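Survey of secondary and tertiary structure
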Amino acid sequence: MILQQVLPTCADKLLSIYIVHLYLFYYILGLPEICYRLYYGYIVYFQLFAVNIKSMTAIRLLRSITLACCSAAFTTFLYNYFHREETEVLFFYGTLPICNLHRNIATTTTSIQNNECFECKLNIIIGWLNKAKNTLDVCMYMLNHELLANAVIDAHKRGVNVRIILNEDNLNTTWAMGNMGISKKVNKGKHNEHLMHHKFVIIDNKKIILGSLNWTKASVRANWENSFITNNCELVNPFRQEFQKLWKQFN
């Protein structure tokens, strides 16, 4: 009789610990289906302790169901709070002039004039690169823009694990990165008859910069290009897999 009273109490405590660990596990992975997994956890719980459910009073059963709903709602709130989606779309418009701010001309309407300035948009990309804390994976057809290259080098100096995949390694910027100890993989050998034409960067395995923009001076200053920046994990994860695939595939 005493054992029957103790088991449900222990089960509730184990369930609470299980929920916390499950949340932390999926929070670290940054996966969006965390809430569904919590619901699944409660289903497993009720299946494992089906014998106790039969002996539960209506009040106790209602309390357990309420606990499950409250926990799921609270987890949803935490997920939405800590995983706010950040999305930015940048367009580069060929030969449009830079704004007065980058011409060193005093102006009181910089926020309006910066909308079409390629220098301001370049600074947005660099700002995202500067946020890298753990990893920075660059997969770029061409990379010779000095400011973008310096942002990658600065990340390496901060202790960020930087990896670069290139179609060709024939530029001073990429040579300098290799000389500093930055890991590189190049499209050569049996694959060099096909272009490695990707243009994306993964930051901390949680954010991605992708689009048509090559990291070259011509692309930034003279071409019509686009860059899409997001931390949506459903978009980031396929590119993480593609980068890992190419990293193993290239020498």
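This is a predicted model, so every value here is computed, not measured.

A separate point is the environment of E88. Here E88 lies in strand β1 (residues 87–93). Owing to a relative accessible area of 27%, E88 belongs among the partly exposed residues under this scheme. Sequence-wise, E88 and I209 are 121 residues apart; in three dimensions their C-alpha atoms are separated by 9.3 Å. Look past the residues within four positions of E88 in its chain and what remains in contact with it is I124, W128, S227, F228 and I229. Polar side-chain contacts of E88 include one of 3.3 Å to the side chain of W128.

Attention now moves to the side chain of T216. With respect to the helices and strands, the residue T216 is situated in the loop between β6 (207–211) and α9 (217–222). Within polar-contact distance, the side chain of T216 engages the side chain of S219 at 2.9 Å. When sequence neighbours within four positions are dropped, the list of residues in contact with T216 reads M142, N144 and H145.

Once that is clear, we can look at the pairing of strand β3 (residues 161–166). Regular strands place their side chains on alternate faces of the sheet. Buried residues dominate β3, accounting for five of its six residues. The handedness of the strand β2 (residues 135–140) to β3 crossover, carried by helix α7 (residues 146–157), is right-handed. The sheet contact formed by β3 and strand β4 (residues 183–186) spans four bridges and is parallel. Of the residues in β4, the one forming a bridge with I164 is K184. As a crossover connection, the stretch from β3 through helix α8 (residues 172–179) into β4 is right-handed.

What counts, and at which threshold
- Residues numbered from 1 in each chain as written.
- Predicted model: local features only at pLDDT ≥ 70, side-chain atom pairs only at ≥ 80, totals over all residues.
- Heavy atoms only, no water.
- Helix = DSSP H or I, 4+ residues; strand = E, 2+ residues; numbered from the N terminus.
- Buried < 20%, exposed > 50% of the residue type's maximum accessible area, 1.4 Å probe, protein only.
- Contact = heavy atoms within 4.5 Å.
- Polar contact = N/O pair within 3.5 Å; in protein donor to acceptor, adjacent residues only side chain to side chain.
- Right-handed = clockwise from strand over helix to strand, strands pointing away.
- Pairing = 2+ DSSP bridges.

Bear in mind that shape data such as this cannot, by itself, settle questions of function.
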